[in-house]
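# Fold and contact review
Single-letter residue listing:
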Amino acid sequence: QKPSMRTRVAFEVAVLQLGGSVIYLGQEDIQLGQREPVKDVARVLSRYVDGIVVRTFAHKNAQEFAAYASIPVINGLSDLVHPCQALADLFTIQEHFGRLKGLHLGYVGDGNNVLHSLIQGCAMVGVNVSVATPPAYRPNASIWTSAMRRAKAHGAVVRWERDPKRAMQGADVVYTDVWVSMGKEQERQKRLKTFRSYQLNRALLQRAKPTCRIMHCLPAHRGEEITDEVMESPRSLIVAQAENRLHVQKALLMLLLKTTR
Ligand code: CP
Ligand code: NVA
């Protein structure tokens, strides 16, 4: 239902490298939920293919797809979560630092799908997270509660701050994402105003550790959530992070397709 570069190309290349073949169905092809109900699409596609990656607006569409499909369904981003991104993010952090547990990630910006999966993932592997969002854009309450619970079980801390400087203090990894996610375009002007002081720029970066690394899921809007200078910094892991989508999604496909065969 939404455009994609990294998720789509990384999955297509992953499948091809693993010896499979791929079919891409855009919104114009199947008109999910409009031309026919999600459950019919899910059941019929399950008779044709071995696995499906879905990218939806409403999260309930992804859930309904999974409920009715008889093959693995991977969430390639919904309005609520972006789990494949979080897997690649954690892999990238592990690759760079050689460990996860005990590291501190500071996130600044919107309490959105990318953040939701990131806090869940970090909590499960013991990465401490401090999140700064404008008060009206805090993460989803039930995701937050479950992340707190998971963090506690793994000896980590997940906390919210109104002030971005406090969230960045002493961070090993600094992370941000767009202020205007896909589907929120009509809120653009309001969001640009509200998020102005939540930009990842040189001044904010100085609060983090001198050894900190910079992450962004891409696509990025330079001059909005992040400055060009920070994007281009030698401390950036952003391109490696995008590369890792391929490796991690390949692993995910192996895991899911193996267990159903
Ligand atoms: N990060 C990410 O999911 O990028 P795409 O929207 O290009 O797939
Ligand atoms: N939060 C962004 C992520 C894009 C990969 C969006 O949903 O548009």
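Scope of this entry: the structure provided in the associated data block. (Residues numbered from 1 in each chain as written. Chains lettered and ligands numbered in written order. Predicted model: local features only at pLDDT ≥ 70, side-chain atom pairs only at ≥ 80, totals over all residues. Heavy atoms only, no water.)

On to the site of ligand 1. What surrounds ligand 1 is the set Ser4, Met5, Arg6, Thr7, Arg55, His82, Gln85, Cys217, Leu218 and Arg245. Within the contact set of ligand 1, an oxygen atom lies 2.6 Å away from a side-chain nitrogen or oxygen of Ser4. Note that an oxygen atom of ligand 1 is positioned 3.1 Å from one of the side-chain N or O atoms of Arg245. Contact with the protein chains hides 96% of the accessible area of ligand 1, taken as 250 Å² for the molecule alone. Here the shell around ligand 1 is composed, by residue class, of three nonpolar, four polar and three charged. (Near = heavy atom within 4 Å. Polar contact = N/O pair within 3.5 Å; in protein donor to acceptor, adjacent residues only side chain to side chain. Areas by Shrake-Rupley, 256 points an atom, 1.4 Å probe, with all protein chains shown as cover. Nonpolar A, V, L, I, M, F, W, Y, C, P; charged D, E, K, R; others polar.)

By the secondary structure assignment, Gln120 is in helix 6 (residues 113–125). Sequence separation between Gln120 and Val174 is 54 residues; the distance between their C-alpha atoms is 17 Å. When near neighbours in sequence (up to four residues on either side) are disregarded, Gln120 contacts Ile143, Ser146, Ala147 and Arg150. For Gln120, the side chain forms a polar contact with the side chain of Ser146, separated by 3.1 Å. (Helix = DSSP H or I, 4+ residues; strand = E, 2+ residues; numbered from the N terminus. Contact = heavy atoms within 4.5 Å.)

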